[in-house]
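One-letter residues, chain by chain:
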Amino acid sequence: MRTDVLHAVRLARLDLTLVARNTTVLFNVLLLPLLMAWVFTQTQGDSEIAGVPGRLYVLTGVPGLMLGFAVFINLVNSFTARREELVLKRLRGGQPSSAAVLAGSALGALALFLGQVVLLVIWIRQSDGVLPVNVPLLVLAAVLGVALFSLFAAAFSGITPNAELAQITVLPVILIMMIGAPVAFPVGVLPGPMGTISTLLPVTPVVTIMRTAFLGADHFSGSGEALSMAGQWVAALPSLGILLAWIAVAALLARWLFRWEPRRG
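Computed from a prediction, not measured in an experiment: that's the story for all the values here.

1. Section: the environment of Thr23
So, point 1. On the secondary structure map, Thr23 appears in helix α2 (residues 23-42).
So, point 2. Put simply, Thr23 and Pro191 are 168 residues apart on the chain and 41 Å apart in space, counted from C-alpha to C-alpha.

Structural data, given as structure tokens:
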């Protein structure tokens, strides 16, 4: 167990080093979501959403976009390229267990995601004078969100023929996350079935939990009512349940679809 943890940490450090050396990847996974966040905020003006300035509401929903780029796209590309280059096969045949190999990549993605969240916190502190109210709940949602989209990335890499086609494979998921997730609007504004679908999207619980933890108010129902620390945890329970259910589904998909060796045919 201890050996696997050490291998996972070592692989995570290697992943972060490779990302830091690749300017294109660094821009796509770290800076592009923040640039998109800035574009979203420019459309808000002086509007107010659920009792929160529109700009602040959007910024606290941006982690949903970050998961798509820093975790999902990044890992689909990484898993697919390493599979086709036989890196995954060699790693699996070495000392690290299969779980350690996947955990190492997920740990590197978690470090990137948390780095983005820190940048976002600094941005919000400078622009709106607000700091996260419930940091433990915020971090829990971040960890579970990264775990979920790391598993989805492993599954999607299995149906991706090669690294060149990875951008096409991930596109439907990214579009759904951008359009359906409550980044710039409450789920309640969507009519009928669309609101229900948005509520059940895997990224929605992460966004609503992190927004509630950041602002200390109820953004599950969209009321924006102030909540105590304990009240935030209680209100988050249904969303945490949906998130854990999605993690179980993603784990099954990853086990079924993930490939260690290059696709043939």
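2. Side note on unusual backbone geometry
So, point 1. In this structure, Leu86 takes a positive phi of about 70° despite not being glycine.
So, point 2. Structurally, Leu86 can be placed in the loop between α4 (63-84) and α5 (87-93).
So, point 3. Owing to a relative accessible area of 34%, Leu86 belongs among the partly exposed residues under this scheme.

3. Considerations on helix α10 (residues 203-215)
An α-helical segment advances 3.6 residues per turn. Residues three or four places apart therefore align on the same side.
So, point 1. With 13 residues, α10 should reach 18 Å at 1.5 Å per residue; the first-to-last C-alpha distance of 18 Å fits that figure.
So, point 2. With its phi angle positive at about 70°, Gly216 sits one or two positions after the end of α10.

4. Some details on the packing of aromatic side chains
So, point 1. As enumerated under the stated definition, the model contains 6 aromatic pairs in all.
So, point 2. Geometrically, the ring pair formed by Phe72 and Phe149 is edge-to-face, given 6.4 Å between the ring centres and 80° between the ring planes. Residue Phe72 is located in helix α4, and its partner Phe149 is located in helix α7 (residues 135-158); the two are separated by 77 residues in the primary sequence.
So, point 3. The class for Phe149 is buried, based on a relative accessible area of 2%.
So, point 4. Look at Phe258 and Trp260: their rings are 5.0 Å apart centre to centre, the planes differ by 90°, and that puts the pair in the edge-to-face class. Trp260 carries the same exposure label as Phe258, and that label is buried.
So, point 5. Arg211 extends its terminal NZ or CZ atom over the ring of Tyr57, reaching a point 3.7 Å from the ring centre.

5. Considering the packing of α4 against α7
So, point 1. The contact between α4 and α7 brings their axes to 8 Å, and the two run at 35°. Note that α4 runs across α7; the crossing there is right-handed. Residue-level inspection shows Leu67, Val71, Phe72, Leu75, Val76, Phe79, Thr80 and Arg83 of α4 in contact with α7, the latter providing Gly145, Val146, Phe149, Ser150, Phe152, Ala153, Ala154, Phe156, Ser157 and Gly158.
So, point 2. Residues that form the contact of α4 with α7 fall into these classes: 12 nonpolar, 5 polar and 1 charged.

6. Examining the nonpolar core
So, point 1. Counting 67 residues, the largest nonpolar core has Leu67, Val71, Phe72, Phe113, Phe149 and Met210 as its most contacted members.
So, point 2. When contributions to this core are tallied by element, the ones reaching two or more residues are α2, α3 (54-59), α4, α6 (98-128), α7, α8 (166-180), α10 and α11 (229-257).
So, point 3. Ranked by the residues each element gives to this core, the list is headed by α7, at 12 residues.
So, point 4. Not counting chain neighbours up to four residues away, the residues in contact with Phe72 comprise Leu67, Phe149, Phe152, Ala153, Phe156, Val170, Val173 and Ile174.

7. Regarding the packing of α7 against α10
So, point 1. The contact between α7 and α10 brings their axes to 8 Å, and the two run at 165°. Regarding the angle of α7 to α10, the classification is roughly antiparallel. The hand of the α7/α10 crossing is left-handed. Facing α7, whose interface residues are Leu137, Leu138, Ala141, Ala142, Gly145 and Phe149, α10 presents Val203, Val206, Ile209, Met210, Ala213 and Phe214.
So, point 2. Each residue belonging to the contact of α7 with α10 can be placed in one class, and the counts come to 11 nonpolar, 1 polar and no charged.

8. Comments concerning α2
So, point 1. The terminal C-alpha atoms of α2 lie 26 Å apart, and with 20 residues this matches the ideal 28 Å at 1.5 Å per residue to within 8%.
So, point 2. Remark: the principal bend of α2, roughly 45°, maps to Leu31, with a proline, Pro33, within the next four residues.
So, point 3. All buried positions along α2 are accounted for by Val29, Leu30, Pro33, Leu34, Met36, Ala37 and Thr41.

9. Some remarks on the pattern of salt bridges
So, point 1. All chains considered together, the criterion is met by 2 salt bridges.
So, point 2. Arg55 serves as the salt-bridge partner of Asp128, at 2.5 Å between the closest nitrogen and oxygen. Here Arg55 lies in helix α3 and Asp128 lies in helix α6, a separation of 73 residues in the sequence.
So, point 3. Judged by its relative accessible area of 31%, Arg55 falls in the partly exposed class.
So, point 4. When the shortest N-O distance is used, the salt bridge between Glu84 and Arg83 registers 2.8 Å.
So, point 5. Here Arg83 falls in the buried class, since its relative accessible area comes to 0%.

Rules used throughout
Residues numbered from 1 in each chain as written. Predicted model: local features only at pLDDT ≥ 70, side-chain atom pairs only at ≥ 80, totals over all residues. Heavy atoms only, no water. Helix = DSSP H or I, 4+ residues; strand = E, 2+ residues; numbered from the N terminus. Buried < 20%, exposed > 50% of the residue type's maximum accessible area, 1.4 Å probe, protein only. Expected span 1.5 Å × (residues − 1). Phe/Tyr/Trp six-rings, centres within 6.5 Å; stacked < 30°, edge-to-face > 60°. Lys NZ or Arg CZ within 6 Å of the ring centre and 35° of its normal. Axes fitted to C-alpha atoms, helices over the stretch in contact; angles between N-to-C directions. Left-handed = near helix turned anticlockwise from the far one by under 90°. Contact = heavy atoms within 4.5 Å. Nonpolar A, V, L, I, M, F, W, Y, C, P; charged D, E, K, R; others polar. Core = buried A, V, L, I, M, F, W, Y, C linked by side-chain atoms within 4.5 Å. Parallel < 35°, antiparallel > 145°, perpendicular 65-115°, else oblique. Bend = angle between axes of the 7 residues up to and from the residue. Salt bridge = Lys/Arg side-chain N within 4 Å of Asp/Glu carboxyl O.

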